[in-house]
Amino acid sequence: MSVTNNNNYQGGKTYGRLKSHQSEALDEINQTYLHDDALKGDGFEDLPERLESYKEQFMEFDEDNSGDIDIMELKRMMEKLGQAKTHLELKKMIAEVDTTNSGTIHYNEFVEMMLGSKSSVLKLILMFEKKAKESQQPVGIPPPRDLSSLP
């Protein structure tokens, strides 16, 4: 008994094109935020850099390139950040951010969460993770090593 799969799963170029299309779509959404006069007056001088950072974060966690972060993608994201959560906690995190009641986090909702004044659990975790990554970067040139110092 053979099972035929008509889906054309290819890596490399096809995946690159898919990510490129997703990036372009998110850039279009970012443009609406850049032209929003309400955000310009709220002290967001570094808005283009923030939006680019949010786009990269969102694309990293949107594993199936659907344009939404569902509960399983959120679960894997939290595990990568070392913050494993139960399904109930994940549902609560999504409900805090999900304004359309779709059960997923769309990019617009993600950006509104990150730019908004309300502190959701997800926003706090992502902000602390970003600060932790920045502080872990080594500064300066590495110390000189010789063969006797190697393990």
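Definitions and cut-offs
- Residues numbered from 1 in each chain as written.
- Predicted model: local features only at pLDDT ≥ 70, side-chain atom pairs only at ≥ 80, totals over all residues.
- Heavy atoms only, no water.
- Helix = DSSP H or I, 4+ residues; strand = E, 2+ residues; numbered from the N terminus.
- Buried < 20%, exposed > 50% of the residue type's maximum accessible area, 1.4 Å probe, protein only.
- Contact = heavy atoms within 4.5 Å.
- Areas by Shrake-Rupley, 256 points an atom, 1.4 Å probe, with all protein chains shown as cover.
- Salt bridge = Lys/Arg side-chain N within 4 Å of Asp/Glu carboxyl O.
- pLDDT = per-residue confidence, 0-100.
- Axes fitted to C-alpha atoms, helices over the stretch in contact; angles between N-to-C directions.
- Parallel < 35°, antiparallel > 145°, perpendicular 65-115°, else oblique.
- Left-handed = near helix turned anticlockwise from the far one by under 90°.
- Nonpolar A, V, L, I, M, F, W, Y, C, P; charged D, E, K, R; others polar.
- Core = buried A, V, L, I, M, F, W, Y, C linked by side-chain atoms within 4.5 Å.

Chemist: Which parts of the structure should I look at to understand the overall build of the protein chain?
Modeler: A count of helices and strands for the protein chain gives seven helices and two strands. When the helices and strands of the protein chain are listed from N to C terminus, the series reads α-α-α-β-α-α-β-α-α. Counting the 151 residues in the protein chain, one finds 30% classified as buried. Sequence separation of at least 24 residues holds for 53% of the intrachain contacts in the protein chain that already meet a minimum separation of 6. With an accessible surface of roughly 10,600 Å², the protein chain has 55% of that area assigned to carbon and sulfur atoms.

Chemist: What is the right way to read the environment of K91 from this model?
Modeler: Inspection of the secondary structure puts K91 in helix α5 (residues 87-97). A residue is classified by how much of its surface remains accessible, and K91, at 55% relative accessible area, is exposed. As a C-alpha pair, K91 and I71 span 20 residues in sequence and 7.0 Å in three-dimensional space.

Chemist: Help me understand the pattern of salt bridges in this model?
Modeler: With the rule as written, the count across this model stands at six salt bridges. Close ionic contact of D46 with R50 constitutes a salt bridge, the shortest N to O distance being 3.3 Å. Taking the relative accessible area as the measure of exposure, D46 reaches 34% and is therefore partly exposed. A salt bridge links E52 to K55; the nearest nitrogen and oxygen atoms lie 3.4 Å apart. A residue pair is termed a helical-turn pair when its members lie 3 or 4 positions apart in one helix, as E52 and K55 do in helix α3 (residues 47-61) at three residues. On the basis of relative accessible area, K55 is assigned to the buried category, the value being 5%.

Chemist: Before we go on, may I ask you to explain the confidence of the model for the protein chain in this structure?
Modeler: Low pLDDT marks stretches whose predicted atomic positions should not be read closely. The predicted model of the protein chain has a mean per-residue pLDDT of 80, with 83% of residues at 70 or higher. Per-element confidence in the protein chain is highest for strand β2 (residues 105-106), whose mean pLDDT is 92, and lowest for helix α2 (residues 37-40), whose mean pLDDT is 69. For residues 1-6, every residue scores under 50 in pLDDT, and the model assigns this stretch zero contacts once sequence neighbours within four places are set aside.

Chemist: Quick question: what am I supposed to make of the packing of helix α1 (residues 12-34) against helix α6 (residues 107-115) here?
Modeler: To describe two helices that pack against each other, one gives the angle between their axes and the distance between the axes. Where α1 meets α6, the axes come as close as 11 Å, and the angle between the chain directions of the two elements is 45°. Relative to α6, the element α1 lies oblique. Note that α1 runs across α6; the crossing there is right-handed. Of the residues in α6, those touching α1 at L26, I29, N30 and Y33 are Y107, N108, V111, E112 and L115. The class makeup of the residues in the contact of α1 with α6 is six nonpolar, two polar and one charged.

Chemist: Can you walk me through the nonpolar core in this structure?
Modeler: Side chains that are nonpolar tend, in soluble globular proteins, to be buried together. Ranked by size, the top nonpolar core spans 28 residues in total, and within it L74, M77, M78, F110, L122 and L126 carry the most contacts. Non-local contacts of F110, meaning those with residues more than four positions away in its chain, are made with Y54, Q57, F58, I105 and L126.

Chemist: What is the right way to read unusual backbone geometry from this model?
Modeler: In most cases, non-glycine residues show a negative phi, while peptide bonds are predominantly trans. Phi angles above zero are rare outside glycine, and N65 is one such case at about 55°. For N65, the position within the fold is in the loop between α3 and β1 (68-69). On the basis of relative accessible area, N65 is assigned to the buried category, the value being 16%. A positive phi angle, close to 55°, is found at N101, a residue other than glycine. Considering the arrangement of structural elements, one finds N101 in the loop between α5 and β2.

Chemist: Would you mind going over the side chain of Q22 with me for this structure?
Modeler: Along the chain, Q22 falls in helix α1. The contact partners of Q22, leaving out residues within four places of it in the chain, are F58, M59, D62 and N65.

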